[in-house]
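Each chain is listed here by its residues.
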Amino acid sequence: MTVVPVVIVGAGPTGLTAATLLAQYGVECLVLERWDSFYPQPRAVALDDEVHRILARLGLRDEFAAISRPHRGLRLLDRNMRVLAEFQRDMAEGRHGYPPGSMFDQPELEAILRQNLKQYDTVTLRGNTEVTALTQDAGGVRIDVTDTATGEHDVVRAAYVLGCDGANSLTRASIGATMHDLGFTQRWLVIDVVTEVDLGQWEGVHQLSDPARAGTYMRIGKTRYRWEFQLTPGETADDFRDMAQLHPLIARWTGNIPVAELEIIRAAEYTFRAQVADRWRDRRVFLLGDAAHLTPPFIGQGMCAGLRDGMNLAWKLAGVLDGTLPETVLDTYEIERKHHARAMIKLAKMIGTAMTAGGRVGDVIRRAVAPRLHLVPGLKELATDSQTPPLHRSDLVKRPRLRRTLAGRLCPNATVDGDRRFDDVAAGRFAIVTSHEPSPTQRADIERRGAVLITAKPGSELHQWLRTGGARVAIVRPDGTVLSAGRQPPACH
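Since we're looking at a predicted model, the values are computed, not measured.

A.B. asks: What should I look at first to understand the packing of aromatic side chains in this one?
C.D. replies: The way to describe two aromatic rings as a pair is by their centre distance and the angle between their planes. All told, the structure shown has 15 aromatic pairs when counted by the stated rule. Pairing tryptophan 227 with tryptophan 253 gives two aromatic rings, centres 6.4 Å apart and planes at 65 degrees, and the pair type is edge-to-face. Linking tryptophan 227 in strand β15 (residues 224-230) with tryptophan 253 in helix α6 (residues 243-254), this pair joins segments that are 26 residues apart in sequence. Clustering of aromatic rings is evident, with ring pairs tying together Tyr217, Tyr225, Trp227, Phe229 and Trp253. Above the ring of tyrosine 160, the side-chain terminus of arginine 284 is found at 5.1 Å from the ring centroid.

Structure representation (structure tokens):
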């Protein structure tokens, strides 16, 4: 029987991210995946610079840059392809050091995540292994598994289990959690096309608000393009697997390009849902990614939410396992992430509803409302510069109720020392960012606690960030989130 501190169920992007982060803290873990390799077809295709930053933390800064493509933002179009509203993003590096939005091919991302994981001898990835039962007792968690190739059964013991096993999560079922429906279910056709011909379209996400059939278009690579169209009752993906049937849907973007120059590499049906699990933890078992939440894809945040889950939980779990943090810090995971995930799902649901609701009457309303969508709280920040809501107040997010604060938001990944950025200097530790010059006693105390001191020099990006937030000093957690911020150094003790 194998005994490890952490078992991760599922080797998708969320599970691989959590495993890599734990490995960086020296935590031994076993990743169990029912399939022999990663799923070969693209699903997620977009992420923002906050999540790009997580990939860089994993050591994939250059590798992801090589397989991704920055995009310009979001356009809402009417049925005649006229622009109703545009949220444009700068394609240059933002405050986190990366383009605010990037397109990619998920199989390529999973390939580099798996390859990167091989450098850590504390992690084992076991494919062809299906988890059949999870049972908790006073000493930990028993995981029953079956080898899908040989049929052999085995038992693994772990102190903690992270369920990254997707929408049909056995882990979620094992802790008695259920999905709460937020009132959005739609069937969509997802098409991926390859062509050597440049379509010459605006290099961002196009959301088509057509009362006859809503759609989405985006370029995800040099030769790869993605379309998504809402299916009508009775339609299935099989109705569009031939270019003759598909071409009328995509011709608005392909124009006069000959059909022979367009190759369908996938046509699949997906049901887009907006759901959140009623609870994300039972004692030593946690839910992450699609096991905990399902996000409609209209703002490109589905996979992003899973990677954020891994980033939030991994450092806390590592601290508990090595004794530097109390076990109670694990209570903050669901408090912080559930609120954030729900907020993002509601934004995605709003965009999806705005695209599809109301038929021709809705089309008239859209023309009037779309130019004012930038007034919706949270939408402009997300669409233009990728900023997401702050984390909910917890024992690790000290947010005052009646005044503005940096707490709960990400510290910018600003240039700190030559070519090094904040994340390079902090290196997964707590950091004190201050515009004060600390006393020798304060400096010694920070070092004794294992934190890193970063002085925000006048005129620097971090100095301006502190001033804008009404602070002179901030405690930044290992995941880059501000724990607390204030005017005086004592507030950070």
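A.B. asks: When you look at the nonpolar core in this model, what are you seeing that I'm missing?
C.D. replies: Soluble globular proteins: nonpolar side chains tend toward being buried together. By size, the foremost hydrophobic cluster in this structure holds 94 residues, and its most contacted members are Val7, Ile8, Leu22, Leu109, Ile143, Val161 and Leu162. No other element matches helix α7 (residues 302-321), which puts 10 residues into this core. Residues contacting valine 161, with those up to four places away along its chain left out, are Val7, Val9, Leu134, Val141, Ile143, Arg284, Val285 and Phe286. Formed by 21 residues, the second largest nonpolar core is a distinct cluster that contains Leu189, Val193, Trp253 and Ala267.

A.B. asks: Please explain the sheet that holds strand β23 (residues 452-455) as it appears in this structure.
C.D. replies: Strand pairing in a sheet relies on backbone hydrogen bonds. The paired strands run either parallel or antiparallel. As summarised here, the arrangement of the 4 strands in space is β23-β22-β24-β25, forming an open sheet in which the pairing is mixed. Taken across any chain shown, the strands that pair with only one partner, and hence form the sheet edges, are β23 and β25 (482-486). Averaged over all pairs of adjacent strands, the angle between their axes in this sheet comes to 15 degrees, without regard to strand direction. Both strand β22 (residues 431-434) and β23 contribute to a ladder of 4 bridges, which runs parallel. When the sheet's bridge partners are listed, threonine 434 is paired in β23 with threonine 455. Together, β22, β23, β24 (473-476) and β25 form the strand contacts of helix α13 (residues 461-468), whose direction differs from that of β22 by roughly 80 degrees.

A.B. asks: Where do I start with the sheet that holds strand β4 (residues 69-70) in this structure?
C.D. replies: Pairing is antiparallel in the open sheet, where 3 strands are placed in the order β3-β7-β4. Strand pairing shows two members of the sheet lacking a second neighbour, β3 (46-48) and β4, which therefore form its edges. Bridge count between β3 and strand β7 (residues 101-103): 3 bridges; the pairing is antiparallel. Residue pairing in the sheet places leucine 47 in a bridge with serine 102 of β7. Relative to the sheet, helix α2 (residues 49-57) contacts β3 and β7, its axis offset from that of β3 by approximately 90 degrees.

A.B. asks: What is the right way to read the environment of tyrosine 217 from this model?
C.D. replies: Structurally, tyrosine 217 is set in strand β14 (residues 215-219). Put simply, tyrosine 217 and alanine 19 are 198 residues apart on the chain and 33 Å apart in space, counted from C-alpha to C-alpha.

A.B. asks: I keep staring at α7 and nothing clicks. Help me out?
C.D. replies: Along its 20 residues, α7 runs 29 Å from first to last C-alpha, staying within 8% of the 28 Å computed at 1.5 Å per residue. At leucine 313, α7 shows its strongest bend, of approximately 25 degrees. In terms of burial, α7 is largely enclosed, as 18 of its 20 residues are buried. Downstream of α7 by a residue or two, glycine 323 has a phi angle that is positive, lying close to 85 degrees.

A.B. asks: Help me out: how do you make sense of the packing of α2 against α7 in this one?
C.D. replies: Two quantities define a packed helix pair, namely the angle between the helix axes and the distance between the axes. Orientation of α2 relative to α7, taken along the N-to-C sense of each, is 50 degrees, at an axis distance of 10 Å. In this view, α2 runs oblique relative to α7, as classed from their interaxial angle. You can see that α2 and α7 cross each other, and the crossing is left-handed. Here Glu50, Val51, Ile54, Leu55 and Arg57 of α2 lie close against α7, whose contacting residues are Cys304, Leu307, Arg308 and Met311. Here the residues of the contact of α2 with α7 sort into 6 nonpolar, no polar and 3 charged.

Definitions and limits used
Residues numbered from 1 in each chain as written. Predicted model: local features only at pLDDT ≥ 70, side-chain atom pairs only at ≥ 80, totals over all residues. Heavy atoms only, no water. Phe/Tyr/Trp six-rings, centres within 6.5 Å; stacked < 30°, edge-to-face > 60°. Helix = DSSP H or I, 4+ residues; strand = E, 2+ residues; numbered from the N terminus. Lys NZ or Arg CZ within 6 Å of the ring centre and 35° of its normal. Core = buried A, V, L, I, M, F, W, Y, C linked by side-chain atoms within 4.5 Å. Buried < 20%, exposed > 50% of the residue type's maximum accessible area, 1.4 Å probe, protein only. Contact = heavy atoms within 4.5 Å. Pairing = 2+ DSSP bridges. Axes fitted to C-alpha atoms, helices over the stretch in contact; angles between N-to-C directions. Expected span 1.5 Å × (residues − 1). Bend = angle between axes of the 7 residues up to and from the residue. Parallel < 35°, antiparallel > 145°, perpendicular 65-115°, else oblique. Left-handed = near helix turned anticlockwise from the far one by under 90°. Nonpolar A, V, L, I, M, F, W, Y, C, P; charged D, E, K, R; others polar.

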